[in-house]
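# Per-entry structural report
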Amino acid sequence: GKITGYKFSWKPERKDANDFSNGKTIDQMRMLENIEKNGELSDSEKFRAIDKVKGLPLGTTEREKSTKKERRSPLEDLRSSFKK
């Protein structure tokens, strides 16, 4: 039982790894809020970004918005989906 040495090993972490995740839902809401508040993005760029965050085929959010008469923000849609 005498220890004669130590062996250390580790896996390198990705540079963009999120060490401070608050959970997938909260992170997704934060991303969507940032997209909505970004004044430098056009509406079509916002729709594409929302599709990427939600994992939807590109163009899905824009199609849904064009068929709805009431224009609500994507963040409001997300919040209302959690209230159900």
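Here's a quick rundown of the structure.

Rules and cut-offs
Residues numbered from 1 in each chain as written. Predicted model: local features only at pLDDT ≥ 70, side-chain atom pairs only at ≥ 80, totals over all residues. Heavy atoms only, no water. Axes fitted to C-alpha atoms, helices over the stretch in contact; angles between N-to-C directions. Helix = DSSP H or I, 4+ residues; strand = E, 2+ residues; numbered from the N terminus. Parallel < 35°, antiparallel > 145°, perpendicular 65-115°, else oblique. Contact = heavy atoms within 4.5 Å. Nonpolar A, V, L, I, M, F, W, Y, C, P; charged D, E, K, R; others polar. Salt bridge = Lys/Arg side-chain N within 4 Å of Asp/Glu carboxyl O. Buried < 20%, exposed > 50% of the residue type's maximum accessible area, 1.4 Å probe, protein only.

What follows is about the packing of helix α2 (residues 43-54) against helix α3 (residues 60-67). Between two packed helices, what matters for the description is the angle formed by their axes and the separation of those axes. For the pair α2 and α3, interaxial distance at closest approach is 7 Å and the crossing angle is 120°. The angle between the axes of α2 and α3 places the two elements in the oblique class. Taken together, the residues of α3 that come into contact with α2 (itself represented by S44, F47, I50 and D51) are T60, T61, E62 and K65. Split into classes, the residues belonging to the contact of α2 with α3 amount to 2 nonpolar, 3 polar and 3 charged.

Further remarks concern the pattern of salt bridges. Under the criterion given, the structure shown has 2 salt bridges. Taking the shortest distance from any N to any O, the salt bridge between R30 and D27 comes out at 3.9 Å. One end of the pair is R30 and the other is D27, both in helix α1 (residues 24-37) and 3 residues apart, which spans about a single turn. Here D27 falls in the buried class, since its relative accessible area comes to 13%. In this structure, K37 and E33 form a salt bridge, with 3.0 Å as the shortest nitrogen-oxygen distance. Highlighted residues: K37 and E33, both in helix α1, separated by 4 residues, approximately one helical turn.

What follows concerns the side chain of Q28. Tracing the sequence through the fold places Q28 in helix α1. Judged by relative accessible area, Q28 falls into the buried class, the value being 18%. Not counting residues up to four positions away in its chain, the partners in contact with Q28 are V53, K54 and L78.

So, to be careful, I would describe these as geometric facts and stop short of saying anything about function.
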